[in-house]
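Descriptive structure summary
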Amino acid sequence: MHRFEDQIFTCGFEVFGEVQGVKLRRATRSLALSNGVRGWVMNTDRGTVQGELEGTLPKVNELKFWLLCFGSERAVIERAEFTPTKEIPVHHFEDFTIRKQQPFQIEDQQRIEKSDGAGDGDGDEDREEEGQGEGETL
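What you see as residue numbers is a count from 1 along each chain, following the sequence as written. In view of the model being predicted, local features appear only for residues whose pLDDT reaches at least 70, and side-chain atom pairs are presented and counted only at 80 or more, with totals across whole chains, interfaces and linings using the full set of residues. Based on all heavy atoms of the structure, the side-chain values leave hydrogens and waters out of the count.

We count a stretch as a helix when DSSP gives it H or I for four or more residues in a row; a strand needs E for two or more, and each element gets its number in order from the N terminus. From N to C terminus, the chain includes 3 helices and 8 strands. A 1.4 Å probe and the Shrake-Rupley method give the accessible areas. Residues count as covered only by the protein chains that appear here. Counting every atom, the chain has about 7,700 Å² of accessible surface; 48% of that belongs to carbon and sulfur.

Printed below as a string of structure tokens:
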């Protein structure tokens, strides 16, 4: 059994609104790196920003809150959706990167869904159908 501070959690995200061309990806990467969170972020062809977070539960939740409520200085966030936060046994990413714009990788989503683990422990386990599958809407 891992100690709480050693547990690694992951979740995917997608942010909607005026989120491209406003330095949201760069700001997300900067905040993630300063908090020891790994993963990636990218623009989509749908005008959204999406990515994946990996780190301790408090740090992942901090990034989720920032993506939902703040974002970069010029971003206008309408909403943010998150896949269920799950514990994973090991990191899948070395650092936090900005990816080139491309469609969401099905393999990434399947890896998130297959990861064995617990929720984020906040008691908010309601799910809402959105597009390609289940996701949390905060």
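Our next topic: the packing of helix α1 (residues 24–34) against helix α2 (residues 57–69). Helices that pack against each other are described as a pair by the angle of their axes relative to one another and the distance between those axes. What counts as an axis is a line fitted to C-alpha atoms, over the stretch in contact for a helix, and the angles between N-to-C directions run from 0 to 180 degrees. Interhelical geometry of α1 versus α2 gives an angle of 155° and a closest axis separation of 11 Å. As the angle between them shows, α1 and α2 are arranged roughly antiparallel. Crossing geometry of α1 relative to α2 is assigned as right-handed. Contact residues: α1 offers Leu 24, Ala 27, Thr 28, Leu 31 and Ala 32, while α2 offers Leu 63, Trp 66 and Leu 67. An angle below 35 degrees is treated as roughly parallel, one above 145 as roughly antiparallel, one from 65 to 115 as roughly perpendicular, and anything else as oblique. Handedness of each helix crossing follows the sense of rotation of the near helix against the far helix: counterclockwise by less than a right angle gives left-handed, clockwise gives right-handed. Residues are treated as being in contact if the distance between any of their heavy atoms lies within 4.5 Å.

Exposed residues in this analysis have more than 50% of their type's maximum accessible area, buried residues have under 20%, and partly exposed residues fall in between, with area computed by a 1.4 Å probe over protein chains only. Buried within α1 are the following residues: Leu 24, Thr 28 and Ala 32. Along the axis of α1, the buried residues cluster in a sector spanning 65°; they form a single face. Within α1, the exposed residues directed more than 90 degrees away from the buried face are Arg 26 and Ser 34. Of the surrounding secondary structure, the elements contacted by the buried residues of α1 are β1 (8–18), β2 (38–43), β3 (49–55), α2 and β6 (96–98). In the stretch just after α1, Gly 36 is the one whose phi turns positive, near 70°. In this description, one arc is meant: the one made by directions from the helix axis to the C-beta atoms.

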